[in-house]
Amino acid sequence: MLPPMARLCRIFAGLGILVMTVTLFSSSTALSQSASVPINHIIVIYLENHSFDNLYGNFPGADGLDQPGARISQVDKSGAPYQALPQPLDSSETPPSPDQRFPADLPNAPFSIDRYLSMDQKTPDLVHRFYQHQLQMDGGRMDRFVAWTDAGGLPMGYYATKQLPLYPYAQSYTLADDFFHAAFGGSFLNHQWLICACTPVWSGAPDDSVVKVARPEFDATGTLTGLPKDGEVTPDGYAVNTVQPFYHPYQADTAEKDRMPPQTLPTIGDRLSDAGVSWAWYAGGWNEALAGKPDENFQFHHQPFVYFQRYADGTSEKAEHLKDEEDFLTSLNEGTLPAVSFVKPIGEENEHPGYSTVSNGEQHAAELIERVRNSPEWGDSAIVVTYDEFGGFYDHVAPPVVDRWGPGSRVPTLIISPYARKGFVDHTLYDTTSILKFIEWRYGLQPLTDRDAGANNLLGAFQLPESGGIGVLPMSALTVVGIASVMGVGVFLLRWRVLGNQRGGQD
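Throughout what follows, the structure given in this document is the object of discussion. (Residues numbered from 1 in each chain as written. Predicted model: local features only at pLDDT ≥ 70, side-chain atom pairs only at ≥ 80, totals over all residues. Heavy atoms only, no water.)

**Description of the layout of surface pockets**
Here the second largest pocket is characterised by a volume of approximately 410 Å³. Taken together, 24 residues form the lining of the second largest pocket, with Asp-125, His-128, Thr-242, His-301 and His-352 sitting closest to its centre. Taken together, the residues that form the lining of the second largest pocket break down as eight nonpolar, 12 polar and four charged. (1 Å grid on protein atoms, 1.4 Å probe; cavity = no way out; pocket = protein on both sides within 12 Å on 5 of 7 lines; lining within 4 Å. Points joined across faces, edges and corners; volume = space filled by probe spheres on them. Nonpolar A, V, L, I, M, F, W, Y, C, P; charged D, E, K, R; others polar.)

**A short note on the packing of aromatic side chains**
Inspection of the entire model under this criterion finds 25 aromatic pairs. Relative to Tyr-311, the ring of Trp-279 has its centre 5.9 Å away and its plane inclined at 85°; by these criteria the two rings are edge-to-face. Separated by 32 residues along the polypeptide, Trp-279 in strand 10 (residues 279-283) and Tyr-311 in the loop between helix 7 (286-290) and helix 8 (316-321) bring together distant segments of the chain. Owing to a relative accessible area of 0%, Tyr-311 belongs among the buried residues under this scheme. Here the aromatic residues Phe-130, Tyr-131, Phe-184, Tyr-238 and Trp-405 are joined through ring pairs into a cluster of three or more. A cation over a ring is seen here: Lys-77 above Trp-148, with NZ or CZ 4.2 Å from the ring centre. It is Arg-259 that lies over the ring of Phe-246; its NZ or CZ is 5.1 Å from the centre. (Phe/Tyr/Trp six-rings, centres within 6.5 Å; stacked < 30°, edge-to-face > 60°. Helix = DSSP H or I, 4+ residues; strand = E, 2+ residues; numbered from the N terminus. Buried < 20%, exposed > 50% of the residue type's maximum accessible area, 1.4 Å probe, protein only. Lys NZ or Arg CZ within 6 Å of the ring centre and 35° of its normal.)

**A word on the pairing of strand 10**
Residues in a regular strand project their side chains so that they alternate between the two faces of the sheet. The element strand 10 is largely enclosed, with a buried count of five among its five residues. Here strand 10 shows no split at all, with Trp-279, Trp-281 and Ala-283 on one side and Ala-280 and Tyr-282 on the other all buried. Pairing geometry for strand 10 and strand 12 (residues 340-344), over five bridges, is parallel. Within strand 12, the position partnered with Trp-279 by the bridge is Val-340. As paired elements, strand 10 and strand 11 (residues 322-324) share three bridges and run parallel to each other. Among the inter-strand pairings, Ala-283 is bridged to a residue of strand 11, identified as Asp-324. (Pairing = 2+ DSSP bridges.)

**Brief notes about the sheet that holds strand 15 (residues 424-426)**
Reading across from one edge, 11-10-12-1-13-14-6-15 is the order of the eight strands in this open sheet, with mixed pairing throughout. Each of the sheet's edge strands pairs with one partner strand only, and the pair in question is strand 11 and strand 15. Direction aside, the axes of adjacent strands within the sheet are offset by 20° on average. Packed onto the sheet, helix 9 (residues 325-334) meets strand 1 (41-47), strand 10, strand 11 and strand 12 and runs at close to 85° relative to strand 11. Lying over the sheet, helix 11 (residues 433-443) contacts strand 1, strand 12 and strand 13 (381-387), oriented at roughly 170° with respect to strand 1. (Axes fitted to C-alpha atoms, helices over the stretch in contact; angles between N-to-C directions. Contact = heavy atoms within 4.5 Å.)

**Topic: a negative patch on the surface**
Together, Glu-288, Asp-295, Glu-296, Glu-326 and Asp-327 line one region of the surface with negative charge. Structurally, Glu-288 can be placed in helix 7. (Patch = residues over 30% accessible without salt bridge, like charges linked within 9 Å, V, L, I, M, F, W, Y side chains within 5 Å. Areas by Shrake-Rupley, 256 points an atom, 1.4 Å probe, with all protein chains shown as cover. Salt bridge = Lys/Arg side-chain N within 4 Å of Asp/Glu carboxyl O. Lys, Arg positive; Asp, Glu negative; His and termini not counted. Charge placed at Lys NZ, Arg CZ, Asp CG, Glu CD.)

**Comments concerning the nonpolar core**
Inside soluble globular proteins, nonpolar side chains tend to come together where they are buried. Core analysis: the largest hydrophobic core is formed by 133 residues, its most contacted members being Tyr-56, Leu-166, Ile-268, Phe-328, Ile-439 and Phe-462. Ignoring any residue separated from it by four or fewer positions in sequence, one finds Ile-439 in contact with Ile-42, Ile-268, Leu-272, Val-340, Phe-342 and Leu-445. (Core = buried A, V, L, I, M, F, W, Y, C linked by side-chain atoms within 4.5 Å.)

**Observations regarding the pattern of salt bridges**
Pairing is possible between side chains of opposite charge, provided their charged atoms come close. The final tally for this structure, using the stated rule, is 17 salt bridges. Asp-99 serves as the salt-bridge partner of Arg-101, at 2.8 Å between the closest nitrogen and oxygen. Of the residues examined, Asp-99 reaches a relative accessible area of 6% and is grouped as buried.

**Remarks on the environment of Asn-297**
Considering the arrangement of structural elements, one finds Asn-297 in the loop between helix 7 and helix 8. In this structure, the C-alpha to C-alpha distance between Asn-297 and Gly-285, residues 12 residues apart in sequence, is 9.0 Å. Ignoring sequence-local partners within four residues, the contact set of Asn-297 consists of Ile-346, Gly-347, Glu-348 and Tyr-355.

As structure tokens, this is what we get:
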């Protein structure tokens, strides 16, 4: 028997879901009819490794660092609060050494990186791995980002939001402030989730790459407390940290036994191709990497389709859909932009700490946005700018508890389109698979897994014409207010319950 409050949560949440279902169904069957939706080009610009608080913690109207309880004091591995943050470390050194650009006595709280480094200076990289990330979040307490990093107090740093090159777009269009990356940990796994909403399987992985315990250790409350002998593959055969693909391009001198076997689960590319919808993955430095001359900052594990059998070397699918970023610009100029485009900038231009800078990555993204805005395709385009994962940086909002894989931390997400809400902060709960949900909705595709099937669509960020079936309900203002009230209470109670579960432990 559920406790009374839990039953009440379920009742209100159920009412909210029921009302939302009836609302969307009754609004118009055109919601699933592509001909009635004026968005014919969806462009996803996939940047790297920053949490929401790290970049947009000072955005007006967002759930940022100025909210009550947002500046969570960090504790060490024993649970004792730090008297001061450890001096940030340069993790590129062996062993990591103090980064003298930062003071050794930073208060135990989020701090402004801009006081010590400008946005055009590189910071050290920070650990951002599958098990460590869960330890950092500490069952939803969000208080061990420093305890489980390799960069001292650096996870608590944040940037001056209004100085970001992408800030004008966030201010002019829609910023989502409750958007979480799909899976715990780093770039490899979250790139997989962007295209398949799944964790890759690697049965029989090399012994030295496998985590050596059945599962992480938990205390009596169910909170993750210990780190197993780390590796890239879980004991039951799922790849969660960086591994190399079987097909080209992959890191030179990687033996075949150390490359993950080709994956066969369906991807969003498969769904689009099978429905006759054009698409492409555009990667900076792709042509050189494919020719065996990769840039030193070309990241092989940022190319998720290369891990799948359908895009094997020599296939027509690979040639047709996996392209260089220069081809994206050419398609804009020639008016041949596909219906769905994923754009993955090369390392120097993707904002990843360690080998890129915030200013360089965001300026490049802004250039891409402007190329779209100045092209004939702009009038029916929707650009989604988001980050693959948190990069090891602190965020104060505990993610919802969904499944074994995530979601992970909040990341910034901007929706830029003639049809995006202007000057709007979207508080809807999203994760990376919401992008898949939006693509699937637009083109009438079946979901890939339970996660994208259950994700919230990105429609809250848009103001579509009435012909698109949004905002044309034949009901009075009083009815709308009543529905909003029921849904608001349901969402509040459900989120209260989720956070309570997190503070008690994770599955």
